[in-house]
Amino acid sequence: MTKTILTVDDSRMMREMLAKVLKDAGFVVVQAEDGVDGVRVLAECSPDVIITDINMPRMDGYGFIEAVRGTEQHRAKPILVLSTESDPDKKNRARAAGATGWIVKPFNAESLIGAVRRVSA
Amino acid sequence: MDPMDAIKATYFQECDELLGDLEQGLLALELGTGDSETVNAVFRAVHSVKGGAGAFGFEELVTFAHVFETALDDLRSGRRAAEPALIKTMLRAADVLADFVVAARNGTSPDEARGRSVAQELAMAEEPAAPIVERRTDEFGFAPVVVEFDLPALESTPSPWQVRLQPLSAMYAKGHDAILFLRELGRLGEAHTTLIDDELPPFDQLDPDKSYLRWEIELPADVDRVRIEEIFDFVGDDCLVSITQGAVEPATSTPAAIVEAVIVEAPSAPQQVPLVSVPLEQKADVAAAAAASPTIRVDLDRVDRMIDLVGELVINQAMIAQRVTESGIARSSAVAIGLEELEHLTREIQDSVMAIRAQPVRSVFQRMPRLVREISAATGKLVRLVTDGEATEVDKTVIERLSDPITHMLRNAIDHGLEGPDQRLQAGKPAEGVVRLAACHRSGRIVIEVSDDGKGIDRPRVRDIAIAKGLIAPEAQLTDEEADNLIFLPGFSTAAAVSNISGRGVGMDVVKRSIQALGGRIAISSKPGQGSTFTMSLPLTLAVLDGMVVSVAGQTYVAPLTAVLESLQPKPADIRRIGPQQAVLSIRGAHVPLIDVAVALGLRDHPIDPATGIVLLVESEIGGRAAMVVEAIHGQRQVVIKSLEANYRHVNGIAAATILGDGRVALILDVDTIIEHQAGKAEPMRFARAS
């Protein structure tokens, strides 16, 4: 069955790039431009995997992950963090918020797809 | 276009926005009006530029952005204070970053020496322990997690792997699923999996959020240990994992005893990972999130197409209205009332569509601080730029053409308006000059003001220059305003002060011309010793125009209202002939040349008696005024501009065309060319006959 991925990133370029890579791999892609937008999108659809950036305006990735984990519908969704940061403190903060995994930008398509497949049942 | 090229184009477009945000943010910090969110926004901007640059392999850009980002992170975390010197360096770094982006876009190599020197300054105040290194080493940040434990002595023949897996409930709460691990392990080789469910309570006591199950998996000995570990990359300490090679000990009933592993972040940071949950600053406001208004991006062509269609609609509506009036239908009839409503709706649609194209002038204003810094550095004058009204909206086509005139006015204000620091101190002013750039809406136009608190216009000197250049007669009596406006005359250039800043061979006359080409006006007011203010006003859109509908040789033309100062019926006594074809009109003591529009356009050979017609007093780019003679005025009307070049070809003396309510095409007069042409030679411009 085709899997749906929600990508949350304030960079349009990054969203487009993710969409291309994921669509080429056969996923359906839904986009949101920050945490606030992501929460709004999640009220309307139920993706199989969520990929989120950390540094975003309005609501950052940590806040977004917490918000997702706080919902009844999406609390057990795999959430991958895609960030240029690789600072252990920040990763731990993301884990504490409920992130499933962490991918460092710039990503290569194969490892991204691999990571998505690994967390999607 | 190759999809990656399209994404790259998006990236650079985004970079422009980000660099604008960056500069705005830093300027706010410099002024002390920024807060922690400003610092965050500035950090995000650099961070995003770097992120994209990494994706496209712009190494120099990544390296510089990284240093910048590190410094900003220090600022964000409070390790460094937002001292003026640091912010100044960061503003320079923002300029360098912009240059690096441009270099990446053009495929040229950036000025690395400058990059290095600014990078060094940025890193200067950093703690010596913080090295500037590329952190992009591991692809998966939670990985690789090394699980260490006491290995049993290796036997000569390798025994199968024993993997013990005990998920904690936290693991499920983070979106992991044990089945995925089992599936992955199964892919590595033949796996013998044992489910241990001795902790599973009776169904009625089952807590769906708790983890009760654990597994033991035996894998062939030839499987690479790293590949087993990889599977648990993401899960961290939310799942207790042990990987051993050797004889299986019977599973104990206390699962916590299975693993006594020290989980270590590897390889770069060999310290123990604290398992403390970090309090989160930002709580999700779900309700507010849901209420946020979404935006969409629309292709500009589509909007332009819509504007065209609405233009047609306006014309069509006017035509129907005219037909209805002509057919003598009563105003109270249902048709007339319905038509009135249609007219109302059409106007509203037109306004709404115009509003779609409207953009804040911010995008232009944002480019100016850098310009000011550069001019300031080149002239040695201390300048502070204050901007106001960045949110003022104007049509996109107008925005694109605002940049040049504003640039010129700013250059002029700093180079000619402001004094040097010493001179200012002598005059009792602060050493730092202030240049203010402001935008606002005024009576359906956008008004842009550039003012400085410099020395003001040196009127006696301007007057001397104008006389020396033969622009005015030595005995001319000029008001202050007239004297100030001399600087807009072509050929007037305060030659002594031409520098490589305002210079470039471009005078204020060119600025004025480019503004007039947009249907705008520019004026100056100045107070000696206190400064000058340039005010330019422009129409909000180039798609419609307020015009005066006139008759010329029996045909209908439209004169742009912005060019018309006044209209009058001249008295025969005020008309002075100065030749067979030429005459001047005396208006309140001043003489302006009379131009017969019909003759100028080649519609007839001899001018009519101006006293039988109407005179439009117009102002041209030459700075002079002229009186254009037409036969009659039919009123003022907003007309939709149709390009003549796009539909036919360029015609001298004609700016564009429009379609009137009766369906006829009317040409819009190009007042400047008509006057300029008339001033040059008396030959009429042929081929301007309206169809």
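Quick notes on the rules
Numbers given for residues are sequential positions, taken from 1 along each chain in its written order. Chains and ligands are labelled sequentially in the order written, the chains with letters from A and the ligands with numbers from 1. It should be noted that, the model being predicted, local features are given only for residues of pLDDT at least 70 and side-chain atom pairs only at 80 or more, the latter also being counted only at that level, while totals for whole chains, interfaces and linings use all residues. In computing side-chain properties, one takes all heavy atoms of the structure into account and sets aside hydrogens as well as water. The rule for a salt bridge is simple: a side-chain nitrogen of Lys or Arg has to be within 4 Å of a carboxyl oxygen of Asp or Glu. By definition, any uninterrupted DSSP run of H or I lasting at least four residues is a helix, any uninterrupted run of E lasting at least two residues is a strand, and each is numbered from the N terminus. Exposure classes here rest on a 1.4 Å probe applied to the protein chains alone. A residue is buried below 20% of its type maximum, exposed above 50%, and partly exposed in between. A residue's pLDDT is the confidence the predictor assigns to it, expressed on a 0 to 100 scale. A contact between two residues is defined here by any heavy atoms of the two lying within 4.5 Å. One requirement defines pairing of two strands: DSSP has to find at least two bridges between them. The axes are straight lines fitted to the C-alpha atoms, using for helices just the contacting stretch, and the angles between their N-to-C directions are given from 0 to 180°. Like-charged residues are merged into a patch within 9 Å and nonpolar side chains (Val, Leu, Ile, Met, Phe, Trp, Tyr) within 5 Å, provided each residue has over 30% relative accessible area and no salt bridge. Accessibility throughout is a Shrake-Rupley quantity obtained with a 1.4 Å probe, and a residue counts as covered only by protein chains that appear here. Between rings of Phe, Tyr and Trp, where Trp is taken as its six-membered ring, a pair exists when centres lie within 6.5 Å; planes separated by under 30 degrees are stacked, by over 60 edge-to-face, and by other angles tilted.

A. How the structure looks around the pattern of salt bridges. All names here are of chain B. Going through the model one piece at a time under the given rule, you end up with 35 salt bridges over all chains. With its nearest N and O atoms 3.1 Å apart, the salt bridge here joins Arg-370 to Asp-99. Of this pair, Arg-370 sits in helix α13 (residues 368-379) while Asp-99 sits in helix α4 (residues 84-106), placing them 271 residues apart in sequence. Assessed through its relative accessible area of 29%, Asp-99 is described here as partly exposed. The partner of Glu-631 in a salt bridge is Arg-604, with the nearest N and O atoms 3.1 Å apart. Of the two residues, Glu-631 sits in the loop between β21 (625-630) and β22 (632-640) while Arg-604 sits in the loop between α19 (597-600) and β20 (614-619), which places them 27 residues apart along the sequence.

B. Highlighting the confidence of the model for chain B. All names here are of chain B. Overall, the prediction assigns chain B a mean pLDDT of 77, with 82% of residues at 70 or greater. Taken together, the stretch residues 127-155 has pLDDT below 50 and engages in 69 contacts with residues farther than four places along the chain or on a different chain. Scored below 50 in pLDDT, residues 248-293 shows 77 contacts in the model against residues more than four places distant or in partner chains.

C. How the structure looks around the sheet that holds strand β2 (residues 161-167) of chain B. Residues and elements named next belong to chain B. Spatial strand order, β3-β4-β2-β5: four strands in an open sheet with antiparallel pairing. Edge strands, defined here as strands with exactly one partner in the open sheet, are β3 (192-196) and β5 (239-245). Between one strand axis and the next, the sheet turns through 15° on average, direction left out of account. Judged from the five bridges that link them, β3 and strand β4 (residues 214-219) form a sheet pairing that is antiparallel. Its bridge partner being in β4, Ile-196 is matched across the sheet by Arg-214. Across the sheet, helix α7 (residues 178-188) is in contact with β2, β3 and β4; its angle to β4 comes to roughly 10°.

D. Region of the structure containing a nonpolar patch on the surface. A surface patch of nonpolar side chains, about 330 Å² in accessible area, is lined by B:Leu200, B:Phe203 and B:Leu206. You can see B:Leu206 is positioned in the loop between β3 and β4.

E. Just the sheet that holds strand β13 (residues 531-539) of chain B, in detail. Residue and element names in this part refer to chain B. Here five strands make up an open sheet; going across it, the order is β8-β10-β11-β13-β12 and the pairing mixed. Two strands close off the open sheet at either side, each with one partner strand: β8 (383-388) and β12 (521-527). Pairwise comparison of adjacent strand axes, ignoring direction, gives a mean angle of 15° for this sheet. As paired elements, β8 and strand β10 (residues 433-442) share six bridges and run parallel to each other. Residue Leu-385 lies in a different strand from β10, and its bridge partner there is Val-435. Those strands touched by α13 are β8 and β10, and its axis lies near 165° from that of β8.

F. Just the packing of aromatic side chains, in detail. Residue and element names in this part refer to chain B. Enumeration over the complete set of coordinates arrives at eight aromatic pairs over all chains. Look at Phe-488 and Phe-534: their rings are 6.1 Å apart centre to centre, the planes differ by 85°, and that puts the pair in the edge-to-face class. Of this pair, Phe-488 sits in the loop between α17 (480-485) and α18 (508-517) while Phe-534 sits in strand β13; the two residues are 46 residues apart in sequence, bridging distant segments of the chain. The class of Phe-488 is buried, set by a relative accessible area of 2%.

G. Region of the structure containing the environment of B:Asp224. Residue placement: B:Asp224 occurs in the loop between β4 and α8 (225-231). Counting along the chain gives 63 residues from B:Asp224 to B:Trp161, while the straight-line C-alpha distance between them is 9.7 Å.

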